[in-house]
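Here are the chains, one letter per residue:
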Amino acid sequence: MPAYSKALTRNVFFQKNFKMSKYHFNEIEAKWQKYWAENQTFKAASPDPSKGGENLKPKYYVLDMFPYPSGAGLHVGHPLGYIASDVYARFKRHQGFNVLHPMGYDSFGLPAEQYAIQTGQHPAETTKVNIEGGVDNRGEEIQGYRKQLDKIGFSFDWSREVRTSNPEYYKWTQWIFIQLFESWYCKHANKAFHISELIDVFESEGNDNVEAICDDNVEVFTAQQWRDFSETKKQEILLKYRLTYLAETEVNWCPQLGTVLANDEIVNGVSERGGYPVVRKKMKQWSMRITAYAQRLLDGLDTIDWPQPLKDSQTNWIGRSKGATVKFRIQNSEFRIPVFTTRPDTIFGVSFMVLAPEHELVSQITTEEQKEAVEKYVEATAKRSERERMADVKTITGVFTGAYAEHPFSGEAIPIWIGDYVLAGYGTGAVMSVPCGDQRDYEFAKHFNLPIPNIFKGADISEEAYSDKENTIITNSDFLNDLNYAEATEKIIAALEEKGVGEGKINYRLRDAVFSRQRYWGEPFPIYYKDGMPHAIPTECLPLRLPEVEKYLPTEEGEPPLGRADVWAWDTEKSTVVSNDLIDNKTVFPLELNTMPGWAGSSWYFFRFMEAAKRDEVFASKEGLDYWQNVDLYIGGSEHATGHLLYSRFWVKFMHDRGLVPVEEPFKKLINQGMILGESAFVYKAIPTLLSPTKGIQDLSFLKTQIFASACFVKNEQFCETCNEQHKLAADFINNELEQLNLVDEVPYIIEFRFFPIHVDIELVNLSNHLNVEKFKKWRPEYNNAQFISEYGGIVKVIREVEKMSKSKYNVVNPDDICNQYGADTLRMYEMFLGPLEQAKPWSTAGISGVHGFLKKLWKLYHSGENENFYVSEEAASKEALKTLHKTIKKVAEDIENFSFNTSVSSFMIAVNELTAQKCNSRKVLEPFIILISPYAPHIAEELWAKLGHSYSISKAPFPKFEEKFLVESTKEYPISFNGKMRFTLELPLDFSKDEIESAVMAHEKTAHYLEGRTPKKVIIVPGKIVNIVG
RNA sequence: GCUCGAGUGGCGGAAUUGGUAGACGCGCUGGAUUCAAAAUCCAGUUCUUUCGGGAGUGUGGGUUCGAUUCCCACCUCGAGUACCA
């Protein structure tokens, strides 16, 4: 084609495409996003204390679990929940609510710190770039979360943004920490109080009558003794009562990395990063006394509307079990070993005891003869990680300590063993073993040849333990004989209490939460140390800012990174942070070196959003807290089930106890959005082997030749039987290289191939699964000379598999690209259209065209004028159009309330198809209709709304009112079934009686046909629904 | 192992209290328009069939005039949790 012709074509093409009436989503979306930002359209109104808060509409608080701003940016899976909550927030605005719909960032955390260690860049800087965009120090351009979010058209109130790593925010995280530090939990009142109230009690009557949740080793003292205690001693005692306290805790310590590792950071007993050994070690750590709230956290679940699986996992995590503690005396010793059991009724079946290897009494009760074996065992188990121990349930190990306990009722001697099936962290770290009733005890007894006395009437315990509770009758058990489980349990608990050797007890699996991290990028504790005791810095001095350090690694002495700070001491006189050189332990003291964990900042952020104005003076103002209360709708992933969602509930209950907030639960309704999965692409890579009579089998994977085959040639990791030609071609590639290397034998040999699927970037694959061979060669240097076994036309097909979306799997779809190509409205609608919100579903870019086409059709519906110009008529709407409109209003309103967003997208499509077919152009229909769509596709809705002549945002328009009268029908298309099978339909007036219907149906020619001469036994008629003829 | 959830066309999924199974969309097939392509529009699309019909919502049974929906047993997949005494 000559050059001028090409130019001409392009010009014509250009004009055609830029007709005024076309749906230019990029322009429209940019325009309205700018409008919303400039007009602060979605700013939530705050209560005005001078007007008593009555100036406001009813409130509605919609919140998303805030993101950690990673450098990788968003993929299409991330916004799913945000879109759903945005649709809901916009819908609630249309319904006349004052909606709070904020967004922020959980910006403290490990990835930023790891990146800082690698690059030396301050985590605050990388975090800022990740949020606001910019260029990182590798020269890579980063879009930034904010720009990515803005592009999708969310109705967030950005004036209330929070970032947990901002000092103005973590000031209040530290403040709440101090409140916890200065609180204790009264069992009697079942709530937390200020520590000063406890001190008052100590001063007037000592601690004998204090019922508190505290450490279990608290000594009893009188008021006089308390007053005589030194200041340090007093602090030591108070620490045992504080809701956040320092304690020796078993942790996974990695000496080479110089830090504590979480269980999931350890693989096979070595650190996931670097493969260094991990030992379990006791370390002094900050802990949160969340166990004080175990029962209330359980009870509260009944008051909130959360998915059942989520409630279940919290219930399991808290792990309430009812039973008894029994103290066993140790023979020839003063020691008593308490155990917890859920089956005190089986106490006469005890034939041995087992302690956790870490149990504190192990070293003290072990006899001389057993000492060596016990020590060896304890050391061996300490080397194994918690996870390793858990994973290896099959192997039964243990050692006899040589000591004996005494049965509290029979007085019999009970051998005491140690074994790692008993966990130090649960109950008392010791069990009374009843092998006839507990499978683990049974197996332990079998393995070590210990006796298995049977205390169950008629139970067969020759093969396994009898653990049934319901049908149990106790026998061989002294005064418990012939009782069932419930009776025996009641009787034995009474007997234990009477004898003073035990009591009924409710035990929780939930542990106090370790709150210290040996990390830099977290909130510093507002704590300094005086005589080894922690003291809080005055709250008016907050925030205690993170100090500068020259490296983000632990110190050579193994202290956390804050140990590298030179200016990290607290001057109590000047109330300020000063240089470490000035530490004199009189007025200047060292500050805490640990930082808080990730969940600190996220446990209260939902209250921060309630405050817009006085953020320096209060964590949230009383008016704000009273007006907004708690989150009405919270949307996020289920992975936070036992972390964030449990800790937040704990903090809120605590804050409620102390009168800081009016509510006891943070999130009234919660929805877990399902994951959007990626469609990974794999290409088959051939690994050659040589078979020769002289050398046998020889691996050829060292060769440089890289061969990839189209998926159709591969079956069961090999060339399929019919692919001789392809096999020969591949073998030739290998032979070429062998010849060049002079490795070719004289003897005949065969080259075989095995295929392995390897990930390829989905960018290199089109929608028909064809690999772009040229781009693939450039993708990796080692593929530059890749050879392909391709189909006709050079096609190399990949296979697809649904996997989690992640950078390492090269299957990430970026929402920015979708917005550029199809628009944010299409992205929003498509994500909602994919399927139910809670379900996991694969992303398929191919399917997006349907939704995009729908929006084009919608646009066309409003552009039915000449030259496809905008046109609506002021004439009355047709009956059909009104019916379509009102049926859609009804459906969409119900769908949104049920969070069934996918079905409302379908009903929009149906409505547009119907209105288009009806050639509807009436304002009476098209104006309310666009309001229905606006929560889903707000940009196109604003544009059409403006074209309809409105000068205010569509988000302020009231939701259309559903009117039943437009749906009333006079006839019904009755389905006529024979024996439950629908055969044909028959249109009949709705006011027909049963008899009239029956005679009409029986008179119909098709009825006779389907009856085939039989006489109907029965005719079921449900007026307005169905006719079923039986016979 | 335990707890929870889910099984419906080639694919994502719909069917709100038991009442026309497969809405809507993708894909596919055919057609219109076009020099051609894109875009758009129209028709068809669960399987099977001797074109009458027959079968059909993981499997087997049950309740019912009627079951994707309710009950029982089982199978498969997914998620969480894991020696919790």
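Computed from a predicted structure; not experimentally measured. (Residues numbered from 1 in each chain as written. Chains lettered and ligands numbered in written order. Predicted model: local features only at pLDDT ≥ 70, side-chain atom pairs only at ≥ 80, totals over all residues. Heavy atoms only, no water.)

**Thoughts on the packing of helix α3 (residues 79-94) against helix α27 (residues 879-897)**
As a packed pair, α3 and α27 sit with axes 10 Å apart at the nearest point and diverge in direction by 125°. With respect to α27, the axis of α3 lies oblique. The two elements α3 and α27 meet at a crossing, and its hand is left-handed. The residues of α27 that touch α3, namely those facing Val87, Tyr88, Phe91 and Lys92, are Ala893, Ile896 and Glu897. Here the residues of the contact of α3 with α27 are counted per class, giving five nonpolar, no polar and two charged. (Axes fitted to C-alpha atoms, helices over the stretch in contact; angles between N-to-C directions. Helix = DSSP H or I, 4+ residues; strand = E, 2+ residues; numbered from the N terminus. Parallel < 35°, antiparallel > 145°, perpendicular 65-115°, else oblique. Left-handed = near helix turned anticlockwise from the far one by under 90°. Contact = heavy atoms within 4.5 Å. Nonpolar A, V, L, I, M, F, W, Y, C, P; charged D, E, K, R; others polar.)

**Regarding the sheet that holds strand β40 (residues 1026-1030)**
Strands sit in the order β38-β37-β40-β39 across an open sheet of four strands; the sheet is mixed. For this open sheet the edge positions go to β38 (981-989) and β39 (1018-1022), each flanked by a neighbour on one side alone. Strand-to-strand twist across the sheet, computed as the mean angle between neighbouring axes with direction ignored, equals 20°. Here strand β37 (residues 971-978) pairs with β40 via three bridges, running parallel. Within β40, the position partnered with isoleucine 976 by the bridge is valine 1027. (Pairing = 2+ DSSP bridges.)

**Some remarks on the sheet that holds strand β25 (residues 588-590)**
With antiparallel pairing, the three strands of this open sheet are ordered in space as β24-β23-β25. Bordering the open sheet on either side are β24 (576-578) and β25, each of which pairs with just one other strand. Taking the axes of each pair of neighbouring strands and ignoring which way they run, one obtains an average angle of 35° across the sheet. The pairing of strand β23 (residues 569-571) with β25 spans three bridges and is classified as antiparallel. For tryptophan 570, the partnering residue across the bridge sits in β25 and is phenylalanine 589.

**What to know about the domain arrangement of chain A**
Each assigned domain of chain A is listed with its residue range as follows: domain 1 (40-170 + 599-672), domain 2 (320-508), domain 3 (676-804), domain 4 (832-951) and domain 5 (971-1030). On a C-alpha basis, the centres of domain 4 and domain 5 stand 37 Å from each other. (Domains from an automatic or database assignment.)

**Digging into the pattern of salt bridges**
Applying the stated criterion across every chain yields a total of 36 salt bridges. Across the pair glutamate 665 and arginine 649 runs a salt bridge whose closest N-O atoms are separated by 2.9 Å. Here arginine 649 lies in helix α21 (residues 644-657) and glutamate 665 lies in the loop between α21 and β27 (667-672), a separation of 16 residues in the sequence. (Salt bridge = Lys/Arg side-chain N within 4 Å of Asp/Glu carboxyl O.)

**Re helix α2 (residues 25-39)**
For α2, built from 15 residues, the straight-helix expectation of 21 Å at 1.5 Å per residue is met to within 8% by its first-to-last C-alpha distance of 21 Å. Every buried residue of α2 is listed here: Phe25, Ile28, Glu29, Trp32, Gln33 and Trp36. Mapping the buried residues of α2 onto a view down its axis gives an arc of 125°, with all of them on the same face. Turned more than 90 degrees away from the buried face of α2, the exposed residues are Glu27, Lys34, Ala37 and Glu38. Looking at the buried positions of α2, the neighbouring elements they touch are α3, α6 (145-151), α24 (815-822), α25 (824-833), α26 (848-861) and α30 (938-947). Just beyond α2, the residue with positive phi is glutamine 40, at close to 45°. (Expected span 1.5 Å × (residues − 1). Buried < 20%, exposed > 50% of the residue type's maximum accessible area, 1.4 Å probe, protein only. Arc of directions from axis to C-beta.)

**Some thoughts on the side chain of lysine 311**
Tracing the backbone through its elements, the reader meets lysine 311 in helix α12 (residues 308-318). No salt bridge is formed by the buried lysine 311; the nearest opposite charge belongs to aspartate 302, separated by 5.6 Å. Here the side chain of lysine 311 touches isoleucine 304 through a polar contact of 2.8 Å, landing on its backbone oxygen. Ignoring sequence-local partners within four residues, the contact set of lysine 311 consists of Leu301, Ile304 and Trp306. (Lys, Arg positive; Asp, Glu negative; His and termini not counted. Polar contact = N/O pair within 3.5 Å; in protein donor to acceptor, adjacent residues only side chain to side chain.)

**With respect to the protein's contact with RNA strand B**
The environment of RNA strand B is made up of 55 residues, and the closest members are Thr341, Thr342, Arg440, Arg509 and Leu834. Protein-proximal atoms of RNA strand B, defined as those within 4 Å of the protein, fall in sugar or phosphate at a share of 61%. Note that a base nitrogen of RNA strand B is positioned 2.9 Å from one of the backbone N or O atoms of leucine 423. Sorting elements by how many residues they give to the surface near RNA strand B places helix α28 (residues 901-917) first, with six residues. Considering only residue class, the surface near RNA strand B consists of 23 nonpolar, 15 polar and 17 charged. (Near = heavy atom within 4 Å.)

**Re unusual backbone geometry**
Residue proline 543 is bonded to the preceding leucine 542 through a cis peptide linkage, with omega at 0°. Within the secondary structure, proline 543 is located in the loop between β22 (533-536) and β23. Its identity as a non-glycine residue notwithstanding, asparagine 190 has a phi of 55°, on the positive side. Among the secondary structure elements, asparagine 190 is positioned in the loop between β5 (183-186) and β6 (191-194). A positive phi angle is found at asparagine 332, which is not glycine, with a value near 55°. By the secondary structure assignment, asparagine 332 is in the loop between β13 (320-330) and β14 (336-341). On the basis of relative accessible area, asparagine 332 is assigned to the exposed category, the value being 81%.

**Let's talk about a nonpolar patch on the surface**
Taken together, the side chains of Phe702, Leu741 and Leu743 present a nonpolar region at the surface, about 280 Å² in accessible area. Counting through the fold element by element, leucine 743 comes out in the loop between α22 (724-740) and β33 (750-760). (Patch = residues over 30% accessible without salt bridge, like charges linked within 9 Å, V, L, I, M, F, W, Y side chains within 5 Å. Areas by Shrake-Rupley, 256 points an atom, 1.4 Å probe, with all protein chains shown as cover.)

**A few points about the pairing of strand β12 (residues 279-288)**
In the case of a regular strand, side chains alternate between the two sheet surfaces. One ladder, built from ten bridges, connects strand β8 (residues 244-254) with β12; its direction is antiparallel. Counterpart to glutamate 248 in the pairing with β12 is lysine 284.

**Quick notes on the packing of α2 against α30**
Contact geometry for α2 and α30: axes closest at 9 Å, N-to-C directions at 85°. One element, α2, and the other, α30, form an angle in the roughly perpendicular class. Between α2 and α30, the residues in contact are Ile28, Glu29, Lys31, Trp32, Gln33 and Trp36 and Pro938, His939, Ile940, Glu942, Glu943 and Ala946, respectively. For the contact of α2 with α30, a count of residues per class yields six nonpolar, two polar and four charged.

**Here we look at the side chain of histidine 939**
Position of histidine 939 among the secondary structure elements: in helix α30. On the basis of relative accessible area, histidine 939 is assigned to the buried category, the value being 0%. Polar contacts involving the side chain of histidine 939 include one to the side chain of aspartate 825, which spans 2.7 Å. Ignoring anything within four residues of it in the chain, the contact list for histidine 939 reads Ile28, Glu29, Trp32, Gln33, Trp36, Ile152, Gly153, Ala824 and Asp825.

**Focus on the nonpolar core**
Phe515, Phe607, Phe619, Leu771, Trp843 and Phe929 are the most contacted members of the largest nonpolar core, which has 198 residues in total. The greatest single-element share of this core, amounting to nine residues, is contributed by helix α7 (residues 167-181). Residues within four places of phenylalanine 619 in sequence aside, it is in contact with Trp172, Trp175, Trp604, Phe607, Arg608, Glu611, Leu625, Met655, Leu660 and Val661. The next biggest cluster of nonpolar side chains, apart from the first, holds 40 residues, and it includes Val362, Ile365, Met432 and Leu483. (Core = buried A, V, L, I, M, F, W, Y, C linked by side-chain atoms within 4.5 Å.)

**Some points on the packing of aromatic side chains**
Under the criterion given, the structure shown has 80 aromatic pairs. Measuring from centroid to centroid gives 5.7 Å for phenylalanine 348 and phenylalanine 479, while their planes differ by 85°, and the two rings are edge-to-face. Highlighted residues: phenylalanine 348 in the loop between β14 and β15 (352-355) and phenylalanine 479 in the loop between α16 (439-447) and α17 (485-499), separated in sequence by 131 residues. Given the relative accessible area of 27%, phenylalanine 479 is considered partly exposed. Joined through ring pairs, the aromatic side chains of Tyr60, Tyr88, Phe91, Phe97, Phe899, Phe901, Phe908, Phe929, Tyr936 and Phe959 make up one cluster. Against the face of tyrosine 245 rests arginine 289, its NZ or CZ located 3.9 Å from the ring centre. (Phe/Tyr/Trp six-rings, centres within 6.5 Å; stacked < 30°, edge-to-face > 60°. Lys NZ or Arg CZ within 6 Å of the ring centre and 35° of its normal.)

**Some remarks on the pairing of strand β16 (residues 399-406)**
Counting buried positions along β16 gives six out of eight residues, so the element sits mostly inside the fold. Sheet topology note: the β13/β16 ladder contains two bridges and is antiparallel. Residue pairing in the sheet places arginine 329 in a bridge with glutamate 406 of β16. As paired strands, β16 and strand β17 (residues 413-418) are joined by five bridges and run antiparallel to one another. Bridge pairing links valine 399 to isoleucine 418 in β17. Between β16 and the antiparallel strand that follows it, β17, lie six residues; glycine 411 among them carries a positive phi value of about 75°.

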